Amino acid sequence: EVAKKIKSLIVGGLSPEKIAILLRNDRYGVMSTPLIDALGHQDIKVSLSEEAVIDSLPEYRVVLSALRLMASNKEDSLAWRTILQASKIGIGQECISAIENVARTQNVRFSQAVMLIKDNPGLAPKMGQRIKSGIDSFILKIDQCPQQQDLNLHVGGIVDCFVDDAVVKEQVKL
């Protein structure tokens, strides 16, 4: 089904370089092998990156986390934590600890604490403004990504928004 959809997109004029398939935790090829085979039957060439290498790329983790935030209305705690750790928005461990402290004292999830501090930086006296600035810049970047009705185009657009390096971008796209 996915291979046929990709073939129809290419036949419809979409450049194959604009198509990305993101898989998570497919160490033994359970998901990727049948997909690669199906793409081959459609005469679609596949560019692969080694899973161990791509999983370790911060850009890959940021793209997946941005997609998770978009799908969860910015309420995914693991996605926020990954973004704060892997992206270049100027938030380090001290800021993450401040967010955890707000989550604990306010009795809310990590993602809720992120948004509370964004709206009221005074909740984290030493780090609140830095956290607010980083979160605001990341949310702005998400909001500026082109919105596509077609999920395949949408994911490709997210990769283009969050990955600057052309070599890394090729690794992130399958």
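Residues numbered from 1 in each chain as written. Predicted model: local features only at pLDDT ≥ 70, side-chain atom pairs only at ≥ 80, totals over all residues. Heavy atoms only, no water.

A.B. asks: Pulling in residues and values, what's your account of the overall build of the chain?
C.D. replies: A tally of helices and strands in the chain yields 10 helices and zero strands. From first element to last, N terminus to C terminus, the chain shows the α and β order α-α-α-α-α-α-α-α-α-α. A buried classification covers 41% of the 174 residues belonging to the chain. In the chain, 58% of the contacts between residues at least 6 apart in sequence involve partners at least 24 apart. (Helix = DSSP H or I, 4+ residues; strand = E, 2+ residues; numbered from the N terminus. Buried < 20%, exposed > 50% of the residue type's maximum accessible area, 1.4 Å probe, protein only. Contact = heavy atoms within 4.5 Å.)

A.B. asks: Lay out the environment of Ala38 in plain terms, naming residues and giving numbers.
C.D. replies: Structurally, Ala38 can be placed in helix H2 (residues 32–41). Judged by relative accessible area, Ala38 falls into the partly exposed class, the value being 28%.

A.B. asks: Mind laying out the side chain of Lys118, listing which residues take part and the relevant values?
C.D. replies: Considering the arrangement of structural elements, one finds Lys118 in helix H7 (residues 110–119). Its relative accessible area of 18% is what places Lys118 among the buried residues. If sequence neighbours within four positions are ignored, Lys118 has contacts with Lys132, Ile135, Asp136 and Ile139.

A.B. asks: Any details on the packing of H7 against helix H8 (residues 128–144)? Residues and values, ideally.
C.D. replies: Packing of H7 against H8 brings their axes to within 8 Å, and their N-to-C directions diverge by 105°. When the axis of H7 is compared with that of H8, the two are roughly perpendicular. Contact residues: H7 offers Val114, Met115, Ile117 and Lys118, while H8 offers Gly128, Ile131, Lys132, Ile135, Asp136 and Ile139. Residue composition of the contact of H7 with H8, grouped by class: six nonpolar, one polar and three charged. (Axes fitted to C-alpha atoms, helices over the stretch in contact; angles between N-to-C directions. Parallel < 35°, antiparallel > 145°, perpendicular 65-115°, else oblique. Nonpolar A, V, L, I, M, F, W, Y, C, P; charged D, E, K, R; others polar.)

A.B. asks: Please set out helix H5 (residues 77–86) residue by residue, giving values where relevant.
C.D. replies: All buried positions along H5 are accounted for by Ala79, Trp80, Thr82, Ile83, Leu84 and Ala86. Measuring from the backbone nitrogen of Leu78 back to the side-chain oxygen at the start of H5 gives 3.0 Å, which picks out Asp76 as the cap. (Polar contact = N/O pair within 3.5 Å; in protein donor to acceptor, adjacent residues only side chain to side chain.)

A.B. asks: Describe the packing of aromatic side chains, with residues and values.
C.D. replies: Summed over all chains, the structure comprises one aromatic pair. Here the guanidinium or amino end of Arg81 rests over the ring plane of Phe110, the centre of that ring lying 4.2 Å away. (Phe/Tyr/Trp six-rings, centres within 6.5 Å; stacked < 30°, edge-to-face > 60°. Lys NZ or Arg CZ within 6 Å of the ring centre and 35° of its normal.)

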